[in-house]
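Examination of the molecular architecture
Each chain, letter by letter, is given below.
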Amino acid sequence: MRQETDGVLVLEDSDLCRIPVRQKRANKGTYGPLLCIAGSEGMAGAAYLSALAAYRSGAGLVRILTPEVNRSILQIQLPEAIVESYDLETASMAAENPGEAFLVQQKGGITVSEEESPKVTERGQHLPLSLSHLEALLASCKAVVLGPGLGQSEYAAALVKETLEHCRVPLIADADALNLIARRPSLLALRKSPWIFTPHPGEMSRLTEHEIPEILCETRRIAENYRENYGVTLCLKTDESIIADAESGQTYRNESGSPALAKAGSGDVLSGIIAGLLCLGMKPGEAAAFGAYLHGRAGQAAAERYSLHGILARDIADAVPSVMRAAAFNQLKGR
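So, here's what we can say about the structure.

Calculation notes
- Residues numbered from 1 in each chain as written.
- Predicted model: local features only at pLDDT ≥ 70, side-chain atom pairs only at ≥ 80, totals over all residues.
- Heavy atoms only, no water.
- Helix = DSSP H or I, 4+ residues; strand = E, 2+ residues; numbered from the N terminus.
- Buried < 20%, exposed > 50% of the residue type's maximum accessible area, 1.4 Å probe, protein only.
- Areas by Shrake-Rupley, 256 points an atom, 1.4 Å probe, with all protein chains shown as cover.
- Core = buried A, V, L, I, M, F, W, Y, C linked by side-chain atoms within 4.5 Å.
- Salt bridge = Lys/Arg side-chain N within 4 Å of Asp/Glu carboxyl O.
- Arc of directions from axis to C-beta.
- Expected span 1.5 Å × (residues − 1).
- Phe/Tyr/Trp six-rings, centres within 6.5 Å; stacked < 30°, edge-to-face > 60°.
- Axes fitted to C-alpha atoms, helices over the stretch in contact; angles between N-to-C directions.
- Left-handed = near helix turned anticlockwise from the far one by under 90°.
- Contact = heavy atoms within 4.5 Å.
- Nonpolar A, V, L, I, M, F, W, Y, C, P; charged D, E, K, R; others polar.
- Parallel < 35°, antiparallel > 145°, perpendicular 65-115°, else oblique.

**Some words on the overall build of the chain**
A count of helical and extended segments in the chain gives 12 helices and 13 strands. When the 335 residues of the chain are sorted by exposure, 56% land in the buried category. Surface exposure of the chain reaches about 14700 Å², of which carbon and sulfur atoms provide 49%.

**Structural notes on the nonpolar core**
Grouped together as the largest cluster of nonpolar side chains are 62 residues, with contacts concentrated most on Ile19, Val62 and Leu277. Those elements giving two or more residues to this core turn out to be strand E3 (34-37), helix H1 (44-56), strand E4 (62-67), strand E8 (143-146), helix H10 (266-279), helix H11 (284-306) and helix H12 (313-333). Judged by nonpolar contacts, the second largest core, of 43 residues, contains Leu178, Val232, Leu236 and Ile242.

**With respect to the pattern of salt bridges**
This model, assessed by the stated rule, comprises 19 salt bridges. Among the ionic pairs, Glu255 bridges to Arg2, the shortest N-O distance being 2.8 Å. With Glu255 in the loop between strand E13 (251-253) and H10 and Arg2 in strand E1 (residues 2-3), this pair connects stretches of sequence that are 253 residues apart. Take Arg2: its relative accessible area is 29%, and that puts it in the partly exposed class. Here the salt bridges do not stand alone but share partners, grouping Arg2, Glu4, Glu12, Glu240, Arg253 and Glu255 into one network.

**Regarding helix H4 (residues 131-139)**
If you check which residues of H4 are buried, you get Leu134, Leu137 and Leu138. Down the axis of H4, the smallest arc covering the buried residues is 100 degrees, so these residues share one side.

**Regarding H1**
With 13 residues, H1 extends 18 Å from end C-alpha to end C-alpha; this agrees with the ideal 18 Å at 1.5 Å per step. Of all 13 residues making up H1, 11 are buried, and the element is well covered by its neighbours. Taken together, the buried positions of H1 are occupied by Ala44, Ala46, Ala47, Tyr48, Leu49, Ser50, Ala51, Leu52, Ala53, Ala54 and Tyr55. Two residues or fewer after H1 comes Gly58, characterised by a positive phi angle close to 130 degrees.

**Digging into the packing of aromatic side chains**
What the rule picks out here adds up to 4 aromatic pairs. When the centroid spacing of 6.2 Å and the interplanar angle of 45 degrees are considered together, the rings of Phe197 and Tyr226 count as tilted. In this pair, Phe197 sits in strand E10 (residues 195-197) while Tyr226 sits in helix H9 (residues 219-230), placing the two residues 29 residues apart along the sequence. For the pair Phe197 and Tyr226, a shared accessibility class is recorded, and that class is buried. Note on Tyr226 and Tyr230: the rings are 4.7 Å apart at their centroids and 45 degrees apart in plane angle, and the pair reads as tilted. Of this pair, Tyr226 and Tyr230 are both found in helix H9, 4 residues apart, which corresponds to roughly one turn of the helix. Judged by its relative accessible area of 36%, Tyr230 falls in the partly exposed class. Cluster of aromatic residues (ring-pair linked, three or more members): Trp195, Phe197, Tyr226 and Tyr230.

**Here we look at the packing of H1 against H10**
Taken N-terminus to C-terminus, the directions of H1 and H10 make an angle of 35 degrees; their axes are 7 Å apart at the nearest point. When the axes of H1 and H10 are compared, the crossing they make is right-handed. Contacts between H1 and H10 involve Ala46, Leu49, Ser50, Ala53 and Ala54 from the former and Asp268, Val269, Ser271, Gly272, Ile273 and Gly276 from the latter. Residue classes in the contact of H1 with H10 are distributed as 6 nonpolar, 4 polar and 1 charged.

**What to know about the packing of H4 against helix H5 (residues 154-166)**
Axis separation between H4 and H5 bottoms out at 10 Å; the angle between their running directions is 50 degrees. With respect to their mutual orientation, H4 and H5 come out oblique. Once H4 is placed against H5, the crossing between them reads as right-handed. Residue-level inspection shows Leu131, Leu134, Glu135 and Leu138 of H4 in contact with H5, the latter providing Leu159, Glu162, Thr163 and His166. Each residue belonging to the contact of H4 with H5 can be placed in one class, and the counts come to 4 nonpolar, 2 polar and 2 charged.

Below, the structure written as structure tokens:
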């Protein structure tokens, strides 16, 4: 790691040895679970990419909370993940009627209200997903990813609000979670744990009302100001992302990466990489900085295989282990 004359820290390949080593007697619970609250109808891919990247970067167990319509897709694409689902139509209705369960969990296709007893049928068990159930999911995890592909409906707004209010572990807010926070800035007062925001310039513009050209010219100043004003760690994504660490007060500039990363789903992968590093035990600011660096190096590795034009977001996630393996090998060689 080098420090620039302006005080900004810049990670290098040799720093990857600081990623925690996997314990000899570890089990899946040692590095998880991660709760990934993501996806909406037609957006299962966002949940998949974030969860995949988390597994590829070290998470031991990933649980995805998503609408029922995404269940079969996710269980086929990523059978290693545990899928918790809810009925989208009922959830949307409940979100418009305070006092009712704001979400309803659905297993097997039959929805039940919060007042009904759990029913067991030949298709499986059906249980309500009430606020208490969401709280239980949050209480059992080591980190949370909130927002990829979530949408901006009333049910999504209710889910984001309740998650922010009841989360007590490090939380990564991305994509639609950031857009919903921009619509309701009062949500920023709900923070009870470390938060990491990962906006691109468009999302940052909505969060701050700065114009995108200003954000691109004054990336560091705007990121640091947001950190100081709201106490969140910010990973402001540009061609040289700025990571403003709320805990240490340090600022990092990421110099890894490639134009190949300009693909749909790339940001979902970044959220998962950061989450995986949190599950390994890294501090939030370090996880954001190292996550951005790993994301960039994985993008470079994927581009070498598929070309700058040809990579898919999943290729970035799949390239993460090779980057981490090379770092581990170099660490062993240097002993």
